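Residue-level structure breakdown
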Amino acid sequence: MAGMKISLLLLCLCLLQGLVSSSVPVEATIRTPWATFPIHSEISEFVATASNTKFWSFLDGILNSWSDEFVTDKQQYDHAVSVASPLLGSTELSLLDYSLSLHYFNPRLEMYRQLSKQTLARLSTEAAQVENCTAWVTINGKTTCSPEDFEDIFSSDMDPDAWYNQLYSFDHTFPSNVETAPIAILYGAIGETNTGKFHRLLSERAESGIVRYVFRHYFGSPFVAGSEFLNVQGFGIDLALKSLEYKVIDEDRQESKGKKEVDESGPIQGFDFAKLTKKWPEYSSELLSFKASLMSEEFDLETLKVWEVADLGVQATKKIIESPEPLRMLRDISQNLPSLAHTLARERVDEEQLVQISAAASHLVEYKDTLWINGIPYDAASIDPFMLYKTMENQLSGLAFFNSTGVKPSPKVQKFLSLHKNLGVVAKVNVETELIDWSNNLRADRMYQRWSPNLDVLNENRFQGQFAYISQNLYSAVLVVDPGTKEGLEKMIDLANYMQQVPLRFGYLFDVNNEQGVAMVKYWRAIKERQGIWPAFQFVAYLWRSGDLSMESINSVAVQMVGNIDAFNKDPANDVSEYLEETKKFLEAKGISAGMSFLNGHLVASDEGNNFISVIAQKMFELEGEIKTWFNEGKLTNAMFTKNFNVHQWILEQTNSGASYDPVVYPQNKADLKFIDHSEIPSLTYLVGPDYRDQVIPVSHIIVGDLSKKPIRNFIVAALNRIETSNLDIPARVSWLTTKDGEFLHFALESIISASGANPQNYLPIVKKILSLEDSQITKPKLLEIVSQYGRKISEKYQASLDKLEAAGFPFGSKAEHFLENSDCALITNGRLLAIESPEGKGTSFFGMAESSEFFARAQAPSNLLEELSFDVDSDLVTSEFLSEKLMRIVAFLNKYEGGSTNPRALSPPSTPPSFEINEKDADFKLILVVDPLSTVAQKVSPMIAALVDHFEVDLEVHLKTPTRLSDIPLKNFYRYVVDKFSFDEDGKLSKSNGVASFLNLPDKRLLSMTVHVPGSWLVSSYEADYDLDNIVLSKLPKSTSVFTAVFQLDHILIEGTCADLSQQKAAPRALEIVLGNSIDAHTTDSLVMSNLGYFQLKASPNIWNIKLADGQPNYIYKVEGFTGQIIMDSWVAPMRELNVRKREGREHLSLFQSLTKEDFETEGEEAAFKQIEKVKTEDEETIHIFSLASGHLYERFLKIMMLSVVNNTKSPVKFWFLSNFLSPQFKKFVPHFAEKYNFSVELVTYKWPDWLHHQTEKQRIIWGYKILFLDVLFPVDLKKVIYVDADQIVRTDMKELMEFDLEGAPYGYTPFCSGKLKNPETTGFRFWDSGFWESHLGGKPYHISALYVVDLHQLRKTAAADRLRATYAQLSQDPNSLSNLDQDLPNYLQFNIPIKSLPENWLWCETWCTKDSQQNAKTIDLCNNPLTKVPKLEAATRLIPEWTTYDNLAKEVEEEVKNGGVKKETKPNQSVPKKADEEQREKEDL
């Protein structure tokens, strides 16, 4: 009966809410451009992640028990789960359901589909016979879809290099495959009869060693034709309350007059919500929503007074924590705050509750919105469901590893899995020496006296990107330079310009290699000592600029500063030979050389030109955290800074800086940092030093090479000498892995260790003596002779052990060769593989370096935690040797483990009591969330956490970071985040409600704007929408509209990455063109590299892709290094890629910005590439390129009119470039017809705002950002110039004039706002640039309008102007009060760094800023907003521009033609456009 009452209550609530709210529901989805795939195929890929063996067991089970009766999705799901369940644990089954909810493996299945499609295309002669099959096999390039015909195509011959025999990391390879057998690949659909037949046939052949059997999913043409597109998960839909900037009346004030206060303490419209909530607390969220619906009739959304808003955060928190379902209440309040604000504002909060909530919030002030999963912190603002899935999967794999290692289950295992993940290796070298020639001293120099010496400044509030200016040498940069080279001089003066702007001490170590270098050091030191640092820099700068570093040139400049050169050189006081000799010895001992730079001991990758300061500054910000930590923990105090305190040396000691540098241990190229899987490390015998026999050893070395070769043996001796050293801070143990040729010596050494009782004092002398023998002495008699010297007992045991080992055979086969690859020697240190070309010259210091590097980077933390683990073995077996082996394998596992913390300085979870919690016994996952309940993060993260609670056994704590004093409603939007639980409808099909963002009870008279929020690597566009998504007023929709529907499409999943030029010390190869293609189309898309981080992005989708450099100059000058070029895209979110390039030998002097001549291209193929470049350049010269963007139907209407005005007045061919990100589906479908009608070209371009660049949240500001921030990467590299024209602009001139306008070396030209006699006196008070900050900053330069500008793209890229725009934007945009007019303010602000060519003022006229008389000379007219009159733009257009209506009607006529099935082609619209009276008058005067 109770259940019936509850159901009745829910039904009544639903019905009543429907009656109360007359607004149309809003629904939004994102679909894929590819199909859904069978559930059992998705499940098979999930099982494959558990293990390859389990995949084949699952495939066997499915194919052997499949029935044609499994018709519905639900039936197929139930059957597949019944087969998978015995193979998976309970938590894995929960993870399986979570993966199905997200369709996590759908992109992988699409990748398989593309692979099979491309394979068939390449097997063109075979494709026709198998295209419509449900399964087919290919072997040696032959195919069949009939199991009975398999023998006809079988051949034992195999070409391993043939493309059709290429295997991939994702391939399902049958477990008993024989490597040399021919490869038989089955392309099949799981559940199809022929797939089962082929599977049984190939399994038998594979088990017999006849074939290598590989399974790949296949979804042929019949499947795709009958499939539906997939609604994706993991996105948010934002419906923002859009404020109208220009309103005729103050609607808020008018509508608030006479509003009556509503008493919420009693019933509202007959409903007593206090009693209802008390009786049915589990439905408090629904009751709150219903209450808000009733009150929306009585309240406007913006009638709350300031004092009513003040405690809204506290009132919301109270409502959440008192709810029986607090997580759901958190979601509902945060996602619907504009509707719920009035109800919450009248929520009574007593004094005790206020104190408790405020106190809890005060403890969370220092926390950002953060989610901890089993101790691993994640930025709650950045998470998405796919990342959460991967996190859960990683946690389970980590637990499985520790279980397999014999560790007893314990929460302490989570500590290992949550350790900071450090896959880098930072070279930290102790470079402190009296030999450093310091340029400045922040503690002593007068130029820094205005800065405070107090370290408390570290804790003061600053804008992001702002230094803590402290007059102490907290940051010391040491630059190793050769002053006898131009590069060395450039590096010397790189930092000089910033000496007073950056709190950095810097100095030089001189690596001199010629007489010019000696002379430069001599003169530099003398000038600096006698005249000061600035004259010394002037001396260096003059020679650098001249480029002449001959002795004659150096002396001719020096004589002006030091006097008579002969007398100067004869003075012993000026002799630097001893100083340079000592410096040379120091550099050699440290292993460092010219070109290297160190900041507080950290090796800094140098960059070219002005970018070096950016690299240094970025590193300073990275290191500030540890300096601040030392200060706050009391390790570094103000009192320590006495006269003799060397803070540089102190910091080097704190950071465990190494004694020397070796590029093998510290590779600058991250691709050279390799780790092997823990399972690949064989069980070996390790040697330890006598002093460390009973200790747990944190570092394990395995030396790989041929023991029969003397250099390898010497290398092992060096390692043994190292471990024998007493008082090592980091003890290590040593073993070896030899190739087959060293088999005998391996047996002999193993026998010696065994015979000596594994006592280092006994075996180390013998082992070292034998390893020191010459090759010819490595014989059985000689070794026996040596062993016999240590006693008969050891000798006898040795012989017996040797005989036994030789009889057993060599245990490692080709294991050593596997690790050696292209080198003769390798070192495996705790699972890190170091390839060593030659071990000669690498002594004990090399091993000390490797031990220090690996211990501090990866082994220290696990070593400290090891004692907390318990092992499932007899306690007598838990020896130091046992624990050392476990530690090595744990570290090796963690090196490859994909989980772990990525933020070493993240705060630990709060220790205060949570606001609410959800506890499950024996939970697999502990979640702790800190979040502001009234934030955009809460809107997004609360549904994701709810999904985890639905799928897993979790222990959840939520700490609400409540805002305690508000002055405005913090959320002015409605929000839905889509992460639905996997479900079926009544017919057993996948529920169509999955993947739908649904809004009910929206305010129907308010203007709303829809924005979609997606993971960073998704490119999404609007696909279907009957109405304007930018301007939604639900009350104005046709009465027949039952649902407002918007469908977006996932167009691309980006491949993003960074590119570094190894020939320029890892500088970004700015404007390098990278091409993406596949096996069918070698060039599907391309992108240019930014100077900012070397960033690039390529538009992709699930497939197997190839990255290469573009033909022509990019590929001629550069080559790719350390990367095969192949990228497998098989997931929803793609990882960042690292691409390294190097200039080709002999072409180091060439630049991408040079205009290469025919002679620069050497071979016939390169000459053809040159011809192609010239052809493109010629074709492009005649076309006028116009760029614009628009959002919303109104501005798309303006855009069509602007296009007609350009085409009408421009005689040359015109091509329009539109940013597709904000265009409506209707416009994108219409514009090709429009182009056909009036004979112009159109291309839609797009670029995804990178995650690393500060994001804007308002759509208008996002659009402004796209106008200016990505100009260098939006357009093809061969496009010379482009003109930006605002959508609401009319053109009255031939735009070729602007295209040919001489910018005089500036990257762009803008029109200044009308000034002088042309200035509109009525709007003088609104000209903000004529006073205050802008007047002072511009210093007489004009402020330009961004409605029209021309860009020299070549100059923009060559001067890195766009990169500097982005860098400055990143800095300024941290301040919400800066860049009010982003697209205008940014280029105007940077005029002194990036020049603007001012166009004549008649190039742009607008009524707001210009006199009416000046309109007659205007080349373009812009419909600027008028802050004085606030006249709507449509009204202004018809009043000011006679031809506007004609253009508008022409565009509408084309729309009608398109609706009617086609367009009638015309060349120009000008015959229909009336001329203005003033134009007719000018023509008469001209005549």
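What counts, and where the lines are drawn
Just so you know, the residues in each chain are numbered from 1, in the order the chain's sequence is written. Local features are withheld for residues below a pLDDT of 70 in this predicted model, meaning they are given only at 70 or higher, and side-chain atom pairs are given and counted only at 80 or more; totals for whole chains, interfaces and linings count all residues. Note that the side-chain values use all heavy atoms of the structure and ignore hydrogens as well as water. The way it works is that DSSP assigns letters per residue, a run of H or I at least four long becomes a helix, a run of E at least two long becomes a strand, and they are numbered from the N terminus. Between buried and exposed lies partly exposed: a residue is buried under 20% and exposed over 50% of the maximum accessible area for its type, with that area taken using a 1.4 Å probe on protein chains only. Any two residues having at least one pair of non-hydrogen atoms within 4.5 Å are treated as being in contact. Under the convention used here, a 1.4 Å probe and the Shrake-Rupley method define accessible areas, while residue burial counts only the protein chains that appear. How sure the predictor is of each residue is captured by pLDDT, a score from 0 to 100. What is meant by a nonpolar core is a set of buried Ala, Val, Leu, Ile, Met, Phe, Trp, Tyr and Cys residues, joined one to another through side-chain atoms within 4.5 Å. Pairing of aromatic rings covers Phe, Tyr and Trp, the last counted by its six-membered ring, and requires centre-to-centre distances within 6.5 Å; plane angles under 30 degrees mean stacked, over 60 mean edge-to-face, and any other angle means tilted. Only when the NZ of Lys or the CZ of Arg is both within 6 Å of the ring centre and within 35 degrees of the ring normal is a charge said to sit over the ring. Here a strand pair is declared whenever DSSP counts at least two bridges between the two strands. Here the axes come from fitting lines to C-alpha atoms, over the contacting stretch only for helices, and the angles between their N-to-C directions go from 0 to 180 degrees. Lining residues are those with an atom within 4 Å of a point, where the points come from a 1 Å grid over the protein atoms alone and group into cavities, where a 1.4 Å probe fits but cannot get out, or pockets, open sets with protein on both sides within 12 Å along at least five of seven lines. Grid points are joined across faces, edges and corners, and a volume is the space filled by probe spheres set on the points. Amino acids outside the nonpolar list (Ala, Val, Leu, Ile, Met, Phe, Trp, Tyr, Cys, Pro) and the charged list (Asp, Glu, Lys, Arg) are all regarded as polar, and Gly is one of them. Each patch is assembled from residues with relative accessible area greater than 30% and no salt bridge, linking like charges that lie within 9 Å and nonpolar side chains (Val, Leu, Ile, Met, Phe, Trp, Tyr) that lie within 5 Å. In the sections that follow, a salt bridge refers to a side-chain nitrogen of Lys or Arg positioned within 4 Å of a carboxyl oxygen of Asp or Glu. These descriptions rest on fixed angle ranges, namely under 35 degrees for roughly parallel, over 145 for roughly antiparallel, 65 to 115 for roughly perpendicular, and the rest for oblique. Left-handed describes a crossing whose near helix is turned anticlockwise from the far helix through less than a right angle; right-handed describes the clockwise counterpart.

Focus: the overall build of the protein chain
The helix and strand tally for the protein chain stands at 51 helices and 45 strands. Evaluated residue by residue, the protein chain yields a buried proportion of 55% over its 1487 residues. When contacts within the protein chain are restricted to residue pairs at least 6 apart in sequence, long-range pairs at least 24 apart make up 79% of them. Total accessible area computed for the protein chain in this model is approximately 64,700 Å², and 48% of it derives from carbon and sulfur atoms.

Side note on the confidence of the model for the protein chain
Across the protein chain, pLDDT averages 87, with 90% of residues at or above 70. Every residue in residues 246-266 is under pLDDT 50, and counting partners more than four places away or in other chains gives 22 contacts.

Looking at the nonpolar core
If you look at the biggest cluster of nonpolar residues, it comprises 176 residues, and the most contacted ones within it are F510, Y523, F539 and I770. Those residues in contact with F539 that sit more than four places away from it in its chain are M520, Y523, W524, I527, I554, V557, A558 and M561. Counting residues in each nonpolar core, the second largest holds 148 residues, with A84, L340, Y977 and L1109 among its members.

Details of the packing of aromatic side chains
Counted under the stated rule, the structure contains 85 aromatic pairs. Aromatic side chains Y1195 and F1198 sit 5.4 Å apart centroid to centroid with 80° between the ring planes, which places their arrangement in the edge-to-face category. In this pair, Y1195 and F1198 both sit in helix α40 (residues 1193-1209), three residues apart, roughly one turn of the helix. With relative accessibility at 1%, the residue F1198 sits in the buried group. A centroid spacing of 6.0 Å and a plane angle of 65° characterise the contact between W1249 and Y1369, whose relative ring orientation is edge-to-face. Here the residue W1249 occupies a position in the loop between β39 (1241-1245) and α42 (1259-1268), and Y1369 occupies one in helix α47 (residues 1361-1372), the gap between them amounting to 120 residues. Note on accessibility: W1249 and Y1369 belong to one class, buried. For R1147, the ring lying beneath its charged end belongs to Y1116, and the centroid distance is 3.9 Å. The ring of F1392 is capped by K1341, whose NZ or CZ atom sits 5.4 Å from the centre of that ring.

Observations regarding the sheet that holds strand β23 (residues 925-931)
Taken in spatial order, the five strands line up as β10-β9-β23-β24-β22 in an open sheet, and their pairing is mixed. With one partner strand each, in any of the chains shown, β10 (376-379) and β22 (916-918) form the two edges of the open sheet. Going from strand to strand, the sheet's axes swing by 15° on average, the running direction of each strand aside. One ladder, built from four bridges, connects strand β9 (residues 370-373) with β23; its direction is antiparallel. Note on β23: the bridge partner recorded for W372 is I928.

Topic: empty space enclosed by the protein
Tallied over the entire structure, the rule returns six cavities of 30 Å³ or more. For the largest cavity, the calculated volume is near 110 Å³. As for the largest cavity, its lining consists of 14 residues, of which E1407, T1408, L1423, C1424 and A1436 are closest to the centre. When residues in the lining of the largest cavity are grouped by element, the largest group, four residues, is from helix α49 (residues 1433-1440). When the residues that make up the lining of the largest cavity are grouped by side-chain class, the tally is seven nonpolar, three polar and four charged.

Thoughts on a nonpolar patch on the surface
On the surface, V873, L877 and V878 cluster together into a nonpolar patch covering about 220 Å² of accessible area. Tracing the backbone through its elements, the reader meets L877 in the loop between α35 (844-865) and α36 (880-896).

Quick look at the packing of helix α3 (residues 52-65) against helix α4 (residues 73-84)
It is at 9 Å that the axes of α3 and α4 come closest, and there the two elements cross at 135°. What the angle tells us is that α3 and α4 run oblique. For the crossing formed where α3 meets α4, the hand is right-handed. Contacts between α3 and α4 involve F58, G61, I62 and S65 on the former and, on the latter, H79, A80, V83 and A84. Taken together, the residues of the contact of α3 with α4 sort by class into five nonpolar, three polar and no charged.

Overview of the environment of K643
Position of K643 relative to the elements: it lies in the loop between α27 (611-632) and α28 (647-654). Given a relative accessible area of 80%, K643 falls into the exposed group.

So, the pairing of strand β30 (residues 1073-1077)
In terms of residue burial, β30 counts as a mostly covered element, since five of its five residues are buried. Note: β30 against strand β31 (residues 1085-1088), four bridges, orientation antiparallel. Along β31, the bridge assignment pairs L1076 with T1085. Of the strand pairs in this sheet, β30 and strand β33 (residues 1103-1109) are connected by four bridges, and their pairing is antiparallel. Within β33, the position partnered with L1076 by the bridge is I1107.

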